[in-house]
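An overview of the molecular structure
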Amino acid sequence: MTTATTPTAPVVGAVGTAHTRVEGRDKVTGAARYAAEIPFAELAHGWLVVSTVTRGRIRSIDAAPVLAMPGVLTVLHHGNAQPLETQYTGPMGAPDPTLQIFQHDRVPHAGWPVALVVAETSEQAREAAESLVVEYDLEPHDVAFADGHPGTYVPESTPRAAAERTKGDLAAELDASAVVVDAEYTTPEEHHHPMEPHAATAYWDSGRLEVVDTNQGSIYVAQELAQLFSLDASAVRVRSEHVGGGFGAKGTRAHQVAAAMAATVLHRPVRVVLTRRQMFSLIGYRSPTAQRVRLGADADGRLRALHHQGLNQTSTVYEFVERSADVARAMYDADAHHTVNRVVRLDVPSPTYMRAPGEAPGSFALECALDELAERCGVDPIVLRARNEPAVGPVSGLPYSSRKLLDCFEAGAGRFGWAERDPRPGLRRDGRWLLGTGTAAASFPTLAGPSTAAVTAEADGTFTVRITAADVGTGARTALTLVAADALEVSPDRVTVRIGDSDFGQAMLAGGSAGTRSWSWAVTLAAHDLREQLALGGHVPPEGITARSDTTAAIGALPPRERHAYGAQFAEVAVDVTTGEVRVRRMLGVFAAGRIVNPLTARNQFVGGMIWGLSMALHEEAVRDGATGTHVAPDLAGYHVAANADVPLVEADWVDDPDDEDPVGIKGIGEVGIVGAAAAIANAVWHATGVRHRHLPIRPDRVLAPWDEALPRPSEDRD
C-alpha cells in the first residue's frame with residue numbers, strides 16, 4: 001500500500017504557474033450540477049409572488065381558487081406562514097427585513113415578496129402564481145433619488161467603517177489653492193445578474209434542515225437560516241458546490257427562506273428559483289450615487305485640499321451604505337482631507353454589495369476630478385498622481401504594506417504608448433471618429449476573514465482539503481489546489497479540494513476579494529501542521545490523518561497597515577461625431593495585487609473586471625418610473641450590458657508586489673479590475689472631444705448634447 005510518507009521527490013512551484021481549472025472538464029461536459037439541476041425524489045416547486053405596487057398594505061389574498069388548480073400544494077403568505085425570528089444579529093450584521101418574508105401585510109417597495117405558491121411542477125407553480133389575486137391599499141411613494149433630498153443623512157459610524165473622516169482645515173486650504181476643481185458626478189442604479197439565476201432547494205433530513213443552494217458563503221447562509229428559524233446552528237447544513245457567478249448578489253436571499261419555509265410545511269423537498277425580473281428587486285443592486293469632489297492644488301498640481309462626498313439610496317426597511325467616498329482615504333495625500341458618505345431612504349429595494357462596492361463608483365468621480373485638475377494645471381495626469389503620492393496613509397497615518405501604484409503606471413504607460421500622447425483634446429481623427437486616450441488609478445483594500453480548514457493525508461497517498469470556500473467562477477477551487485500542493489510539497493494532481501459545505505466549518509465568504517487570501521491562509525496552516533505530523537513517520541491508517549487550522553489568532557496578530565491592491569487603467573476611445581457613439585478601441589490594465597496564484601485565472605479576473613468597467617461607463621443604467629415606482633424594462637433586453645461587439649482588445653498584466661510581513665502575500669484580484677476603468681474611459685472621451693462627461697453612462701444623446709452648434713474648443717469645459 002502506498003502511504004503519504006512514501007519518499008518522493010518534493011514537487012513545489014505550482015503557485016505562480018498557469019493551470020486550467022480542475023473542474024473545467026465537468027463544467028464544459030455538463031457533469032457539474034448547479035443548484036437548480038440537482039434531482040430530488042418528490043421534489044415540489046415554489047414560485048414567488050411579488051408586489052406590483054410600490055408602497056401600501058395587502059388588503060386581501062384570494063388563495064382558494066389557486067389551491068383548486070391542478071398540482072397546487074400550498075400557498076404561503078402573511079396570513080398563514082410560520083413566524084420567523086426578526087431581532088437578531090446575523091453573520092453580516094443586522095438582517096435585511098426582506099429575508100423575514102410573509103410576517104406582515106406591509107409593502108415597502110415594488111417586488112416585495114407577498115406569497116409563495118408551491119406545486120408539483122414548476123409550470124403548475126408559475127401558472128398558479130400568476131393567477132393569484134392580491135389586492136392592496138396604496139400609499140404615496142417616493143423613489144426620486146437626487147442630491148439635496150430632504151431625507152439625506154450621515155449614517156452612524158461603526159468601529160470598522162467611519163461615515164466621515166476629516167484632517168486639516170478644508171476651507172482654508174481651498175482658499176489658499178491656486179487651482180480648484182469643484183464638480184458633481186453621478187452613477188446610475190446598476191445590477192449584477194450572474195448567468196446562473198438564484199436557486200435553492202430545502203428539505204429536512206433526520207431532523208436537520210438541508211439546503212442545496214447557489215451562494216457565496218455556505219456557512220453564512222446556514223447561520224442566518226438558523227437564526228431566522230430559531231434553530232441550533234448544527235441543525236442547518238447548506239451546500240453549494242458549483243456557482244455560476246455571484247458578484248456580491250448571492251448572499252442570504254428571500255428564495256432560500258421561502259424554500260425552507262415550504263419544506264417545513266410540506267415535509268418534502270421544495271425548490272425555488274428566481275426569475276430574471278424578480279432578481280431586479282430581490283437580490284440587491286448597486287445604488288445610484290451623487291458625488292461631489294473638490295480638489296484644491298498649487299499651480300504645479302500638488303494637492304492642498306481633497307473633499308469627496310457621496311450619496312446613495314437605501315430602502316426604508318434597511319440601511320445599506322455605498323461607500324463611494326472611502327476610495328480617497330488611502331489614495332492621495334493633501335494638507336486637508338475630508339470624506340463623507342451620506343444616505344437617503346426611499347421606497348426602493350435594499351441595495352447590496354456589488355463588485356468593488358464603493359470603490360467602483362467612487363473611483364469614477366475621484367479619478368475624473370484628478371484628470372480635470374491635471375488639465376487645468378497643464379500637468380500630465382500620471383505626473384500629477386506621482387506628485388501626490390503619499391508616504392503613509394493620508395488619513396490613517398499608517399504605513400503601507402506595499403504600494404506599487406507608480407510601478408503600475410510606469411509599466412502601463414510604456415506598453416500603451418502614453419509618451420506619444422498629445423495632451424490637447426479634440427485633435428486626433430480617424431475619418432468621422434474623434435480619438436482620445438485616458439488613464440485612471442485603481443485600488444481596493446486587502447481584506448481577510450477568519451477561516452478554518454482541514455487537510456487529510458489519505459491512505460492511498462493523496463490529500464483531501466475541506467474548507468467552506470465558494471468558487472463563484474473565479475477559479476478558487478483551482479487556486480486552493482495549487483496552494484495546498486505547494487504547502488504539502490506534492491504535485492497538484494495528488495490534491496482534491498472539497499468546498500461549498502457549511503459542515504466544513506467557519507470560513508470567509510467569496511467577497512471583498514478576500515476569499516482566496518483567507519482560505520489559502522487556513523489551508524497553508526493546516527498543510528504545514530499535517531506535514532509535521534507525517535514527518536514523525538509511520539503508516540497512514542485507512543481513515544487517514546487530518547490536521548485542522550483556524551486563522552482567527554493569526555489575522556488578529558497582523559500589524560496595522562494600509563493594505564491595498566493597486567492598478568493603472570488605460571483606455572483609447574473613438575467617438576462618432578455624427579451619432580455620438582463611443583467605441584472603446586483598446587484597454588490596458590497593469591496591477592499590483594500581491595502574490596498571483598494562478599496567472600491564467602487571474603488574468604481572466606482582471607480582464608472581466610475591466611470589461612465590466614467598460615459596461616459601466618457606456619451601457620449600464622436601471623431606470624425607475626417615478627409614477628409607478630417600478631423599473632422600466634427589468635430584464636436583460638432593457639438593461640444593457642457590454643456584448644462581444646463592445647469589447648475591444650483588453651489586456652491585463654501585473655508587477656511584482658511582495659509583502660514580506662504578510663504570511664500569505666495574496667491581495668485579491670476580483671474587485672480591483674473594475675476600479676478606475678470607467679474613469680479611464682470617461683477621461684479618454686474628454687481627450688477625444690474636449691467635453692467632460694460627469695454622469696454615467698456616457699450615452700450617445702449625452703455625447704451629442706453639447707454639439708448643438710459646434711464642437712467645443714479644447715479649452716472649453718462643459719457638461
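Look a little higher up for the structure.
The structure contained in this document is the topic of the report that follows. What you are looking at is a predicted structure, and each value in this text was computed from that prediction instead of being measured.

Digging into the overall build of the protein
Secondary structure summary: the protein contains 16 helices and 24 strands in total. In terms of C-alpha radius of gyration, the protein reaches 26 Å, essentially the compact-globule figure of 27 Å for 719 residues. Viewed in the frame of its principal axes, the protein has a C-alpha envelope of about 75 × 75 × 50 Å. Taken over 719 residues, the protein has a buried fraction of 59%. Taking the contacts inside the protein whose residues are at least 6 apart along the sequence as the reference set, 82% of them involve residues at least 24 apart. In the form shown here, the protein has an accessible surface area of approximately 27000 Å², with 51% of it arising from carbon and sulfur atoms. Considering the protein, the positive charge centre built from 64 side chains and the negative charge centre built from 89 side chains are found 2 Å apart.

Comments concerning the side chain of Glu224
Along the polypeptide, Glu224 turns up in helix α5 (residues 218–228). Nearest to the buried, unbridged Glu224 among oppositely charged side chains is Arg253, at 8.0 Å. For Glu224, the residues in contact, after removing those within four places along its chain, are Tyr88, Gly90, Pro91, Pro95, Leu99 and Thr252.

Points about the packing of helix α11 (residues 476–488) against helix α12 (residues 515–535)
Their axes nearest at 9 Å, the elements α11 and α12 cross at an angle of 30°. The pairing of α11 with α12 is recorded here as roughly parallel in orientation. Between α11 and α12 the crossing geometry is right-handed. Between α11 and α12, the contacting residues are Ala476, Ala479, Leu480, Val483, Ala484, Ala487 and Leu488 on the first element and Thr516, Trp519, Ser520, Val523, Thr524, Ala527, His528, Leu530 and Arg531 on the second. For the contact of α11 with α12, the residue count by class is eleven nonpolar, four polar and one charged.

Describing the state of the cysteines
Tallied over the full model, the rule gives zero disulfides. Between Cys368, a free cysteine, and Cys377, which holds the nearest cysteine sulfur, the sulfur-to-sulfur gap is 16 Å. Given a relative accessible area of 14%, Cys377 falls into the buried group.

Describing the sheet that holds strand β16 (residues 428–430)
Across the sheet, which stays open at both edges, the five strands sit in the order β16-β17-β22-β23-β24 with mixed pairing between neighbours. In this open sheet, the two edge strands, each paired with only one partner strand, are β16 and β24 (649–654). Neighbour-to-neighbour, the strand axes of the sheet open up by a mean angle of 25°, direction not taken into account. One ladder, built from 13 bridges, connects strand β17 (residues 433–445) with strand β22 (residues 564–576); its direction is antiparallel. Across the sheet, the residue bridging to Thr439 is Phe570, located in β22. Sheet contacts for helix α14 (residues 599–618): β22, β23 (582–592) and β24; angle to β24, the most-contacted strand, approximately 130°.

Some details on the pattern of salt bridges
Taken as a whole and assessed by the stated rule, the structure comprises 50 salt bridges. Linking Glu23 and Arg477 is a salt bridge whose minimum nitrogen-to-oxygen distance equals 3.7 Å. Of this pair, Glu23 sits in the segment before α1 (24–29) while Arg477 sits in helix α11; the two residues are 454 residues apart in sequence, bridging distant segments of the chain. A residue is classified by how much of its surface remains accessible, and Arg477, at 7% relative accessible area, is buried. The closest approach of N and O atoms between Arg385 and Glu367, which form a salt bridge, is 2.7 Å. Taken together, the residues Arg385 in helix α9 (residues 381–387) and Glu367 in helix α8 (residues 359–377) connect sequence positions 18 residues apart. When its relative accessible area of 2% is taken as the criterion, Glu367 is described as buried. Three or more residues joined by partner-sharing salt bridges are found here, namely Glu173, Asp298, Arg302, Arg304 and Asp335.

A word on the pairing of strand β12 (residues 270–273)
In the sheet, strand β1 (residues 44–50) pairs with β12 via three bridges, with the strands oriented parallel. Note on β12: the bridge partner recorded for Gly46 is Val272. Pairing analysis gives four bridges linking strand β9 (residues 199–205) to β12, with the strands arranged antiparallel. Bridge pairing in β12 links Ala200 to Val272.

The rules behind these values
Residues numbered from 1 in each chain as written. Predicted model: local features only at pLDDT ≥ 70, side-chain atom pairs only at ≥ 80, totals over all residues. Heavy atoms only, no water. Helix = DSSP H or I, 4+ residues; strand = E, 2+ residues; numbered from the N terminus. Rg over C-alpha atoms; globule rule 2.2 N^0.38 Å. Buried < 20%, exposed > 50% of the residue type's maximum accessible area, 1.4 Å probe, protein only. Contact = heavy atoms within 4.5 Å. Areas by Shrake-Rupley, 256 points an atom, 1.4 Å probe, with all protein chains shown as cover. Lys, Arg positive; Asp, Glu negative; His and termini not counted. Charge placed at Lys NZ, Arg CZ, Asp CG, Glu CD. Salt bridge = Lys/Arg side-chain N within 4 Å of Asp/Glu carboxyl O. Axes fitted to C-alpha atoms, helices over the stretch in contact; angles between N-to-C directions. Parallel < 35°, antiparallel > 145°, perpendicular 65-115°, else oblique. Left-handed = near helix turned anticlockwise from the far one by under 90°. Nonpolar A, V, L, I, M, F, W, Y, C, P; charged D, E, K, R; others polar. Disulfide = S-S within 2.5 Å. Pairing = 2+ DSSP bridges.

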